[in-house]
Amino acid sequence: MKAVILAAGYGTRLQRDVAADSSGRFVHLSGVAKPLLQVGPCPLISHWVQALTASDCVDCIYVVTNALYKPAFEEWAAHFTNVRILSDQTRTNDERLGAVACLQLAVKHFSIEDHVVVVGGDTLFKEDFSLSQVREKFSDMQERCEDSCLVLSYQCRDEETQKYGILEVDEDLRAFCMKEKPLPSETKSRRACPCFYVFSKKSLPLLDVFLDEKKNAPIEEKDAPGNFVSWIIPRRVLLQENHSNRVIKQTTAQSPSSTEVKCVVFMSFSTLASSCRKPVYVHPISGRFDVGNLSSYVQCDLYFKEKLRDTKSYMV
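The written sequence of each chain sets the order in which its residues are numbered from 1. Where totals are concerned, whole chains, interfaces and linings use all residues; where local detail is concerned, this predicted model gives features only for residues with pLDDT of at least 70, and gives and counts side-chain atom pairs only at 80 or more. Where side-chain values are given, they derive from all heavy atoms of the structure, hydrogens and water being excluded.

(A) Molecular detail of the environment of F80. Residue position: F80 is located in the loop between α3 (70–77) and β5 (83–87). With 31 residues separating them along the chain, F80 and V49 place their C-alpha atoms 8.4 Å apart. Helix and strand definitions follow DSSP, with helices as H or I runs of at least four residues and strands as E runs of at least two, each counted in order from the N terminus.

This is the structure:
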């Protein structure tokens, strides 16, 4: 298994906050990529490298960054033997490729044909999170179905649904829908999905299909990796066979209990087969640290300095 850490963002919100801060306490953060910010005893991204290595989940870690921050990441990576750096060749936020395109870039550049752990470079998890448990659950899923992918979820508050992708799942914790930043009234679920995914090797060719479909779409539709997760979740369909046995009627509902029909189309059985994607299952955790702005960084850093009990076993 391989790991891809997405670290090509420009941290515009954080850098804006640092520039606006008049205290002078955070001037040292100016121009620093978020994954390289010091969080407790080490840079944020180092927590991931140490845990991925100690848990023996992956045999190589690929970090996708941009041309602006590449020298800093290469200097950081010199301390690790299992980390390789790749630049997306952009130098400004307006040029960014988007997270899904960066993942595709890593898969193609490094010729990845293995299962992939994808990690957001500005995210850490609470202490109950265990990579060993994730690996065990993914292995169990793979024994049942080699197409299976795994994502995480944690419970968010009502007012937070509009900030995250929200997963809707069945009794087996299989996702049947992920809604992007819905109103609290638009879903009963409060399962927020952070940027940590285990994609099966059979799902990787779908990156090309997704990006081809989105080639003329706004960058926002390609930037959030959760959009790809939402896209690969198989649609729930009701099939109605006609007398000729050659075409079917497909009715896709928003959820199993919903009566709102999203689309009605006629297609051949071969078209239906090609529209089937990959089963996505959910592994619950208690919460995460999302370093988006200066305030969230300060809170995260303080927690790791004062409350983290065991840094050696963290996330392992």
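(B) Structural context of the side chain of E168. Along the polypeptide, E168 turns up in strand β9 (residues 165–169). On the accessibility criterion, E168 (8% relative accessible area) is buried. A polar contact of 3.2 Å, which involves the side chain of E168, links it to the side chain of K179. Only protein chains enter the area calculation, which uses a 1.4 Å probe; residues under 20% of their type maximum are buried, those over 50% are exposed, and those in between are partly exposed. In protein, a polar contact requires one atom able to donate a hydrogen and another able to accept it; more generally it is a pair of N or O atoms within 3.5 Å, and residues adjacent in sequence count only if both atoms are side-chain atoms.

(C) Representation of the packing of aromatic side chains within the structure. By convention, a stacked pair of Phe, Tyr or Trp rings (six-membered ring in the case of Trp) has centres within 6.5 Å and planes under 30 degrees apart, an edge-to-face pair has planes over 60 apart, and any other such pair is tilted. Applying the stated criterion across every chain yields a total of 20 aromatic pairs. Aromatic ring contacts, followed pair by pair, group Y197, F199, F210, F228 and W231 into a single cluster. We note K126 situated over the ring of F289; from NZ or CZ to the ring centre the distance is 5.4 Å. Over the ring of W231 we find R277; its NZ or CZ atom is 3.8 Å from the centre of that ring. By definition, being over a ring means that NZ of Lys or CZ of Arg is both within 6 Å of the ring centre and within 35 degrees of the ring normal.

(D) Up close: the pattern of salt bridges. Definition used for salt bridges: Asp or Glu carboxyl oxygen within 4 Å of a side-chain nitrogen of Lys or Arg. Under the definition given, this model contains 16 salt bridges. Between D290 and R288 there is a salt bridge, and its shortest N-O distance comes to 3.8 Å. Accessibility expressed as a relative area gives 30% for D290, which makes it partly exposed. Bridged by salt links that share partners, the residues R157, E159 and E160 form one connected network.

(E) Just the pairing of strand β8 (residues 149–155), in detail. Most of β8 sits out of view: six of its seven residues are buried. Relative to strand β12 (residues 196–199), β8 runs antiparallel, the two being bridged by two bridges. By the bridge assignment, V151 is partnered in β12 with Y197. Where β8 and strand β11 (residues 191–192) come together, two bridges link them in antiparallel fashion. What sits directly across from Q155, in β11, is R191. Here a strand pair is declared whenever DSSP counts at least two bridges between the two strands.

(F) A look at the nonpolar core. We call a set of buried Ala, Val, Leu, Ile, Met, Phe, Trp, Tyr and Cys residues a nonpolar core when their side-chain atoms join them within 4.5 Å. W48, V63, F73, W76, L124, F129 and F196 are the most contacted members of the largest nonpolar core, which totals 58 residues. At six residues, the largest contribution of residues to this core is made by helix α2 (residues 44–54). Whether two residues are in contact is decided by their heavy atoms, any of which lying within 4.5 Å being enough. Other than its neighbours up to four places away in sequence, F196 contacts W48, V117, V118, V119, F125, F129, L131, V134, L150, V151 and L152. I112, V118, W231 and V280 belong to the second-largest nonpolar core, a separate cluster that totals 40 residues.

(G) Structural context of the pairing of strand β4 (residues 60–65). For β4, the tally of buried residues reaches six of six residues, placing the bulk of the element in the interior. Pairing of strand β1 (residues 2–6) with β4, which is carried by five bridges, proceeds in the parallel orientation. Residue K2 lies in a different strand from β4, and its bridge partner there is C60. Bridge count between β4 and β5: five bridges; the pairing is parallel. Bridged to V64 within β5 is L86. Whether a crossover is right-handed depends on one test, that the path from the first strand over the helix to the second runs clockwise when the strands point away from the viewer. Read from β4 through α3 to β5, the crossover connection turns out right-handed.

(H) Here's a closer look at α3. Of all the residues in α3, the buried ones are F73, W76 and A77. Projected down its long axis, α3 shows its buried positions confined to an angular sector of 95°, all on one face. Exposed and oriented more than 90 degrees from the buried face of α3 are P71 and E75. Where the residues of α3 are buried, they touch β3 (42–43), α2, β4 and β5. When we speak of the arc, we mean the arc of directions from the helix axis to the C-beta atoms.

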